[in-house]
Every structure is written in C-alpha cells, then in structure tokens.
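Topology and contacts: notes
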Amino acid sequence: MNTKIESLIQPILALNTWEERYRYFIDLGRTGPDFPSSLKTNENVIKGCQSDAWLYIESVNGIVYISGYSTSIFVNGFIRLLINIYSGENNINIKNNSYPFLALIGMQEMVTPMRGNGLLAIHNKIKRFHE
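Let me sum up the structure you'll find in this document.

The alternating pattern of strand 2 (residues 63–70) places Val64, Ile66, Gly68 and Ser70 on a buried face and Ile63, Tyr65, Ser67 and Tyr69 on a face that is not buried. Two elements, strand 1 (residues 53–60) and strand 2, share eight bridges in a ladder whose sense is antiparallel. Note that in strand 2 the partner of Val60 across the bridge is Ile63. The hairpin turn running from strand 1 into strand 2, its antiparallel successor, is two residues long, and Asn61 in that turn takes a positive phi close to 55°.

Let us look at the pattern of salt bridges. Following the criterion strictly, the structure yields two salt bridges and no others. Residue Lys4 pairs with Glu89 through a salt bridge whose shortest N-O separation is 3.1 Å. Of this pair, Lys4 sits in helix 1 (residues 2–13) while Glu89 sits in the loop between helix 3 (73–86) and helix 4 (91–96); the two residues are 85 residues apart in sequence, bridging distant segments of the chain. With relative accessibility at 25%, the residue Lys4 sits in the partly exposed group. With its nearest N and O atoms 3.4 Å apart, the salt bridge here joins Arg30 to Asp27. Take Arg30: its relative accessible area is 56%, and that puts it in the exposed class.

Taken N-terminus to C-terminus, the directions of helix 2 (residues 18–29) and helix 3 make an angle of 80°; their axes are 7 Å apart at the nearest point. Our classification of the angle between helix 2 and helix 3 gives roughly perpendicular. Contacts from Tyr22, Phe25, Ile26, Leu28 and Gly29 in helix 2 reach Ile73, Phe74, Asn76, Gly77, Phe78, Arg80 and Leu81 in helix 3. Class assignment for the residues of the contact of helix 2 with helix 3 results in eight nonpolar, three polar and one charged.

All right, on to the nonpolar core then. The tendency in soluble globular proteins is for nonpolar side chains to be buried side by side. Grouped together as the largest cluster of nonpolar side chains are 33 residues, with contacts concentrated most on Phe25, Phe101 and Ile122. Broken down by secondary-structure element, the contributors of at least two residues to this core are helix 1, helix 2, strand 1, strand 2, helix 3, helix 5 (101–104), helix 6 (107–110) and helix 7 (113–127). Sorting elements by how many residues they give to this core places helix 3 first, with nine residues. The residues contacting Phe25, other than those within four sequence positions of it, are Ile12, Ile73, Phe74, Gly77, Phe78, Leu81, Ile105, Met107 and Met110.

Counting across every chain of the model gives seven aromatic pairs. Aromatic side chains Phe25 and Phe78 sit 6.5 Å apart centroid to centroid with 45° between the ring planes, which places their arrangement in the tilted category. Residue Phe25 is located in helix 2, and its partner Phe78 is located in helix 3; the two are separated by 53 residues in the primary sequence. One exposure class covers both Phe25 and Phe78, and it is buried. Aromatic rings pair up to connect Trp18, Tyr22, Tyr24, Phe25, Phe74 and Phe78 into one cluster. Over the face of the ring belonging to Trp54 we find Lys40, whose NZ or CZ atom lies 5.3 Å from the ring centre.

Parameters and conventions
- Residues numbered from 1 in each chain as written.
- Predicted model: local features only at pLDDT ≥ 70, side-chain atom pairs only at ≥ 80, totals over all residues.
- Heavy atoms only, no water.
- Buried < 20%, exposed > 50% of the residue type's maximum accessible area, 1.4 Å probe, protein only.
- Helix = DSSP H or I, 4+ residues; strand = E, 2+ residues; numbered from the N terminus.
- Pairing = 2+ DSSP bridges.
- Salt bridge = Lys/Arg side-chain N within 4 Å of Asp/Glu carboxyl O.
- Axes fitted to C-alpha atoms, helices over the stretch in contact; angles between N-to-C directions.
- Parallel < 35°, antiparallel > 145°, perpendicular 65-115°, else oblique.
- Contact = heavy atoms within 4.5 Å.
- Nonpolar A, V, L, I, M, F, W, Y, C, P; charged D, E, K, R; others polar.
- Core = buried A, V, L, I, M, F, W, Y, C linked by side-chain atoms within 4.5 Å.
- Phe/Tyr/Trp six-rings, centres within 6.5 Å; stacked < 30°, edge-to-face > 60°.
- Lys NZ or Arg CZ within 6 Å of the ring centre and 35° of its normal.

Note that all results are geometric; they support no functional claim without further evidence.
Structure (structure tokens):
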C-alpha cells in the first residue's frame, strides 16, 4: 500500500510551493464521479469540516469502497486523493497503515487550523470505519 501512496503523492511532492499544491487539490477536486444526493445523509456527513462534506464507505468481502463529496472544491480534491489511496484496499491494510503522507505533502501548511481539523476528520472517518 505504501508504494501506491508514494506514487499518488509524488506529483504533489514535485510542486515547490504550497500555492502550487493548493492548486493541485483544486484541480483534483474537479475530477471524479458525481456523488448521489441520496448519499448526502447525516450518517455520511463529516462532522468538524468547515464546508459541507460527505463520505460513503462500504466494505464488500474485506475490500473497502469509498465515495465522497464536498461543497469546497479544495476539500473535494483532498477527498479524491483519499479515495484514490484507500478505495479498493483491504480493511486491515487501511486500518494498520501509518504512512505519514499528510505530513509529507505539507497538508497542515496549506490550510487554516479549522480546515485542517476538517481534513483530519475526513481521514479519520476512513481509518476508523472498522472500529
């Protein structure tokens, strides 16, 4: 799984400034499938996120599938990154993975503390899905 993460964050690490990285997430936020309104439920809402954001997570035969959406295009880009990293992976690999990719890409430097808390809430919801 770490190899997959490294390949997904490599384009981000190649960017020199936090502004370029922020723009990367905005561009990423414009990609991906639509998120059905039927999944915009209280159960799927991300609590602690400044913008409206939802994650739908399911496990089928030990494999996790994730979809999500945020009204913030930047947050939507962050959700897309997490979907690319975790969706299709084994439950146990997700739970046990501690690769520090958020620190490596400088996520906390790109956002305000409030927004950072929301991004961590999104990440934690995926990591704690099986607890």
